[in-house]
Structures are given as structure tokens and as C-alpha cells.
Amino acid sequence: MKRSIIISGGAGFIGSHVVRLFVNKYPDYRIVNLDKLTYAGNLANLKDIEDRPNYRFVKGDICDFESVLSLMREESVDGIIHLAAESHVDRSIKDPFTFARTNVLGTLSLLQAARLYWEGLPERYSGKLFYHISTDEVYGALEMTCPEGMEAPFTSGASSGSHHLAYGSEFFTEDRKYSPHSPYSASKASSDHFVRAFHDTYGMPVVVTNCSNNYGPYQFPEKLIPLFINNIVHRRSLPVYGRGENVRDWLYVEDHARAIDTIFHSGKVAETYNIGGFNEWKNIDVIRLLIRAVDRQLGRAEGADDDLVTFVTDRAGHDLRYAIDSRKLRSELGWEPSLQFEEGIERTVRWYLDNAAWMENVTSGDYLKYYEDMYKGR
Ligand code: NAD
Ligand code: TYD
């Protein structure tokens, strides 16, 4: 095998797309998916590749340092792509400890295991890479200086779509000061610092990427897009936080996976790359797009489900606007998003409609109870 790579969190939303891409594209790589299978991890996300000879699934917790170290030794691991995390802001508001444990201590455990294993090899860190996947949310929130939207800058590549709007003049660049507001983003920020500290202190080759909001197939329906698609299908109300004016910068998940592939192979050690498509949307506009797409694909009359929109109490500490400046990744490594947002939404809606059994499975039982508790009183 040319490379032996642990992908942590490979049974989750983004991780499953990264695992699929690497297993298919690199038959001469060994891909080890290390995942605890929390509520967000689902082996059904990887049914199509589970029997491949270059793929192995290991059920395990990244916080379990001894097991992680012995897995690295057993598989002679030379690369780690670290996606395992607790990832939902609303859950972090309810249960911040779990986020600190997994995202901070879990990352530290992976780093320390990699350090002990790699430092014990004759070649030490040569040919090794610890690639940490982070989020734009570590940068905090941007001002909305242009609420009606202005022409978005730097919109080469497809992901900006016909909408082409930016809601402020500032963007997150790689050198922006960290200013996390939610327990989720605070835990991711802390893990980013640990990764960089392992480079600066021990010389570990690391790379960090901070990506904007992802959407696409296999996303757990606690996040806006799959949750709302499912609610529209079943004609349940759509709980829009505040006035739906918050802005997110959306990227199709396969474009993120392609960026990870590019950066894993060609990124510069110790660098940070921001990943995003210059594709800002107000939540309410995304929701209108979703209603139109679901209704059209189900053959319902236009506007039939507009009244599902229900404005509810805002999320505590709700970040107003995220907007990534991805020019470094584009100019240095030649990555571009491949898909216009409207087309990505059509594709995503089609996937959830065609995979009703997947949705049914992840929204039954314990999850539904948790979900009901979470929205009690709204
Ligand atoms: P997800 O919640 O869908 O999946 C997380 C995966 O990690 C699950 O398979 C879960 O079982 C696994 N996991 C959780 N705790 C674990 C532990 N202790 N040990 C081993 N595995 C564990 O998350 P996602 O949306 O796919 O996000 C993946 C990564 O990308 C995260 O680090 C997240 O911060 C980052 N990210 C996400 C987005 C987004 O829009 N979803 C955007 C930017 C960055
Ligand atoms: P989410 O998908 O949770 O991602 P993040 O909080 O990491 O950006 O939410 C996306 C946006 O949608 C965010 O501004 C919060 C909002 N939102 C709602 O209005 N209602 C909901 O039920 C959810 C889950 C999110």
C-alpha cells in the first residue's frame, strides 16, 4: 500500500464522502475509518464501498488514547484526516461538556498517539501528515453591512450560482483572529490551537482547514437543510430561528471532499486553508428555495407549503453572518467549487426523496425523543 490513512469520523456526513472519494480514487491506499458511531455516525452512509479490499472500518473512540496508538502501529499509519467531532451548535448549547471531551480531548488524544508512534519510527515525521478539519465558525460572526446584498466578489467557479450576493464587505481570511461564540465553535477553536501547537512544539507536520457550511446527501437531519427537507415532505412546521436573516456560506459536500483531497496531497505543511464557495444566503432564502424544490419534485402546487414557515425564538448567541474568503486555496492549489447552489439543492432534495428509508431510519426511536425535548417550549 502506498499510503495508510486513518480517517476519523468517516461514518458521519462529511467523513463518509471523504472515505468514499479516497477508497474509490486511491485503490493503492489503505483507508481506515475510525468512528465511534454516535447518533451522527451511520455505516449505511458507506454501504457502497464497505467490501472494498483497501477499506477497513474500526469502531472506536478517538478519546481512547491506547486503542488509537495501537491502531496506528497495527496499520503503519502515515496520514490522519481528522473529522471526528460533535458538530451541532444546538446540541453544544445543551451539552457543552461532550463537545469539550470529543473535540478538544479527542483531538489531543489523536495528536499524542500520532506523536508517540511517529517519533518512534526511524524516519520520524518524514512522509507523515496530520490533517485537521475545522470550521469557519471559529472566526466568530461578521457584520451585515449590506442587508440587501451586493455583488459577491471573486465568484469564479460554479458554487456562487445565479444569486451572487454578499451581505457585507468583510470575509474570513486565514489570518483572522479567532472569536468563537458557541460551545461548539469554542471547542473547535481549542482543537485547532492544539494541532498548531503540536507543529510548533514537536515539529509534527500538520495542516488545518476551515470550511463553511456543508450540505448534500447523508447529512443528519438536525442541520437546517436535511431537517427542513424532511419537514416539508411530511408537512411539518419549519422552525426558523429569529427572523431568518442570518447568513451562511454554503458548499456542496463533495466539493469539500475534493478540497480535502487536494490539500492532503498538495497543501503546504503548517498552513491553514479556508474552504468556501463565495455563496452567501440568508436562511429564509434557502428555506424558500427548499420549499420550491421539494414541492416541484413531489408534484405539489407552487406555494402549497409556504405556510409551514414558523418563526421561533432565536438561537442563543446566534452568529449573524459567515463568509469565507477562499482565494488562497483557489490561487495556490487550483481548487474551485463545481456546483451552483440551486443545482446542488435540486440534487440534494432528489437524494433525500429517493432515500426515504435512510431518513426514516435516522429519525426513529431515541433521536425523535431527543429532538422533541430540544424543541419543547418553542
Ligand atoms: P457529523 O456530526 O455528521 O459526523 C461526526 C462523526 O464523528 C460521526 O460519524 C460520529 O460518530 C463521529 N464521532 C463523534 N465522536 C467521536 C469519537 N469520540 N470518536 C470517534 N468518532 C466520533 O459531522 P460532519 O458534519 O460530518 O462534520 C465533520 C467535521 O467537519 C467536524 O469536525 C466538523 O467540525 C467539521 N465541519 C463541518 C461542517 C458542516 O457544515 N457540517 C463545516 C465545516 C467543518
Ligand atoms: P445549522 O444547520 O445548525 O448550521 P450552523 O449553526 O452550524 O450554521 O444551521 C444553519 C442556520 O440555520 C443557522 O443560522 C441556524 C438556522 N436554523 C434554523 O433557523 N432553524 C433550525 O431548525 C436549524 C437547525 C437551524
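Heads up: the structure comes first, above all this text.
Analysis parameters
Throughout this description, residue numbers start from 1 for each chain and increase along the sequence as written. To label them, take the chains in the order written and letter them from A, then take the ligands in the order written and number them from 1. Local features in this predicted model are restricted to residues whose pLDDT is 70 or higher, and side-chain atom pairs enter the listing and the counts only when it is 80 or higher, whereas totals over whole chains, interfaces and linings include all residues. Hydrogens and water molecules were not included; the side-chain quantities draw on all heavy atoms of the structure. Put simply, DSSP marks the helices as runs of H or I at least four residues long and the strands as runs of E at least two long, and each gets a number from the N terminus on. Radius of gyration means the value over C-alpha atoms here, while the globule rule gives 2.2 Å times the residue count to the 0.38 power. Pairs of residues are marked as contacts when any of their non-hydrogen atoms sit within 4.5 Å. The protein chains shown are the only cover counted for residues, whose accessible areas, like all others here, come from Shrake-Rupley with a 1.4 Å probe. The criterion for an aromatic pair is that two Phe, Tyr or Trp rings (for Trp, the six-membered ring) have centres within 6.5 Å, with stacked assigned to planes under 30 degrees apart, edge-to-face to planes over 60 apart and tilted to the rest. Throughout this description, buried means an accessible area under 20% of the type-specific maximum (1.4 Å probe, protein chains only), exposed means over 50%, and partly exposed covers the range between. By this definition, two strands are paired if DSSP reports at least two bridges between them. With axes taken as lines fitted to C-alpha atoms, and helix axes fitted only over the stretch in contact, angles between N-to-C directions fall between 0 and 180 degrees. We call a residue near a given molecule or strand whenever any one of its heavy atoms falls within 4 Å of it. Here a polar contact means two N or O atoms within 3.5 Å. Within protein one must be a hydrogen donor candidate and the other an acceptor candidate, and residues neighboring in sequence count only if both atoms are side-chain atoms. Think of it as three bins: nonpolar holds Ala, Val, Leu, Ile, Met, Phe, Trp, Tyr, Cys and Pro, charged holds Asp, Glu, Lys and Arg, and polar takes everything else, Gly as well. A cavity here means a set of points on a 1 Å grid, drawn over the protein atoms and nothing else, where a 1.4 Å probe fits but cannot get out; a pocket is an open set with protein on both sides within 12 Å along at least five of seven lines, and a residue lines either one if it has an atom within 4 Å of a point. Grid points are joined across faces, edges and corners, and a volume is the space filled by probe spheres set on the points. Any carboxyl oxygen of Asp or Glu within 4 Å of a side-chain nitrogen of Lys or Arg constitutes a salt bridge here. When an angle is under 35 degrees it counts as roughly parallel; over 145 it counts as roughly antiparallel; between 65 and 115 it counts as roughly perpendicular; any other value is oblique. Crossing handedness is defined as follows: a turn of the near helix away from the far one that is anticlockwise and smaller than a right angle gives a left-handed crossing, while the clockwise case is right-handed.

Turning to the overall build of the chain, a few remarks are in order. Within the chain one finds twelve helices and 14 strands. Relative to a compact globule of 378 residues, whose C-alpha radius of gyration would be 21 Å, the chain shows 20 Å and is just as compact. Dimensions of the chain, computed from the C-alpha atoms along their principal axes, are close to 65 × 45 × 35 Å. Taking all contacts inside the chain whose residues are at least 6 apart in sequence as the whole, residues at least 24 apart take part in 83%. Accessible surface, the chain: about 15,100 Å² in total, of which carbon and sulfur atoms supply 51%.

The next subject is the packing of aromatic side chains. Counted by the stated rule, this structure contains 20 aromatic pairs. Between Phe22 and Phe264, the aromatic rings sit 5.8 Å apart at their centres with planes inclined by 80 degrees, giving edge-to-face as the arrangement. One end of the pair, Phe22, is in helix H1 (residues 13-25); the other, Phe264, is in helix H7 (residues 253-266), with 242 residues separating them in the sequence. For the pair shown, Phe22 and Phe264 are each scored as buried. Ring plane angle 35 degrees and centroid distance 5.1 Å describe the contact between Tyr139 and Phe172, whose orientation is recorded as tilted.

With that settled, consider the sheet that holds strand S12 (residues 272-275). With parallel pairing, seven strands are arranged side by side in an open sheet as S3-S2-S1-S4-S5-S8-S12. Here the strands that pair on one side only, and so sit at the sheet edges, are strand S3 (55-59) and S12. Neighbour-to-neighbour, the strand axes of the sheet open up by a mean angle of 20 degrees, direction not taken into account. Strand direction decides the pairing type here: strand S4 (residues 79-82) and strand S5 (residues 129-135), joined by four bridges, are parallel. Opposite Ile81, over in S5, you have Tyr131 as the bridge partner. This element, H1, spans strand S1 (3-8), strand S2 (29-35), S3 and S4 of the sheet and lies at about 165 degrees to S2.

When you line up the elements, Ser326 lands in the loop between strand S14 (309-312) and helix H9 (327-333). Residue Ser326 is classed as buried on the basis of its relative accessible area, which comes to 0%. Not counting chain neighbours up to four residues away, the residues in contact with Ser326 comprise Asn274, Ile275, Gly276 and Phe278.

Attention now goes to the site of ligand 2. Around ligand 2, the surrounding shell holds 19 residues, and the nearest of these are Glu137, Pro239, Arg248, Arg315 and His318. In the model, an oxygen atom of ligand 2 is placed 2.9 Å from a nitrogen or oxygen of the Asn213 side chain. Looking at the shell around ligand 2, the elements with two or more residues in it are helix H6 (224-233) and strand S10 (238-241). For the shell around ligand 2, a count of residues per class yields nine nonpolar, five polar and five charged.

For the rest of this paragraph, the subject is the layout of surface pockets. Taking a probe equal in size to a water molecule and rolling it over the atoms shows the remaining empty space. In this model, the second largest pocket occupies a volume close to 210 Å³. Around the second largest pocket, the lining is made up of 13 residues, and of these His17, Arg20, Leu21, Glu254 and Ala257 lie nearest the centre. Looking at the lining of the second largest pocket, the elements that each hand over two or more residues are H1 and H7. The residue makeup of the lining of the second largest pocket, split by class, is five nonpolar, three polar and five charged.

This part takes up the sheet that holds strand S11 (residues 247-252). Pairing between the strands of a sheet is mediated by backbone hydrogen bonds and can be parallel or antiparallel. Pairing in this open sheet of three strands is mixed, and the strands run S9-S11-S13 from one edge to the other. Each having just a single partner strand, strand S9 (213-215) and strand S13 (280-282) make up the two edges of the open sheet. Averaged over all neighbouring strand pairs, the angle between strand axes comes to 50 degrees, with direction disregarded. In terms of strand pairing, S11 meets S13 through three bridges, oriented antiparallel. Following the sheet pairing, Asp249 is matched in S13 by Glu280.

When the charged atoms of two side chains with opposite charge come close together, those side chains can pair. For the structure on display, the rule yields 27 salt bridges. Glu74 serves as the salt-bridge partner of Arg56, at 3.0 Å between the closest nitrogen and oxygen. Here Glu74 lies in helix H2 (residues 65-75) and Arg56 lies in strand S3, a separation of 18 residues in the sequence. The exposure class assigned to Arg56 is partly exposed, which follows from its relative accessible area of 24%.

Here the focus is empty space enclosed by the protein. Within this structure, the stated rule accounts for three cavities of 30 Å³ or more. Along the walls of the second largest cavity sit Val89, Glu137, His181, Ser182, Arg248, Arg315, Ala316, Gly317, His318, Asp319 and Tyr322, which together make up its complete lining. Its residues placed into classes, the lining of the second largest cavity shows three nonpolar, four polar and four charged.

Around ligand 1, the surrounding shell holds 28 residues, and the nearest of these are Ile14, Asp35, Ser87, Tyr184 and Lys188. Here a nitrogen atom of ligand 1 and a backbone polar atom of Ile62 are 3.0 Å apart. A total of 830 Å² of accessible area belongs to ligand 1 in isolation, and the protein chains cover 97% of it. The set of elements that each furnish at least two residues to the shell around ligand 1 consists of H1, S5, helix H5 (183-202) and S9. Among the elements that take part in the shell around ligand 1, S5 stands out by supplying three residues, more than any other.

This next bit is on the packing of helix H8 (residues 283-298) against helix H10 (residues 341-354). At a minimum axis distance of 10 Å, the contact between H8 and H10 shows a crossing angle of 50 degrees. Considering their axes alone, H8 and H10 lie oblique with respect to each other. Crossing geometry of H8 relative to H10 is assigned as right-handed. Where H8 abuts H10, its residues Val286, Leu289, Leu290, Ala293, Val294, Arg296, Gln297 and Leu298 lie against Phe341, Glu342, Ile345, Glu346, Val349, Arg350 and Leu353.

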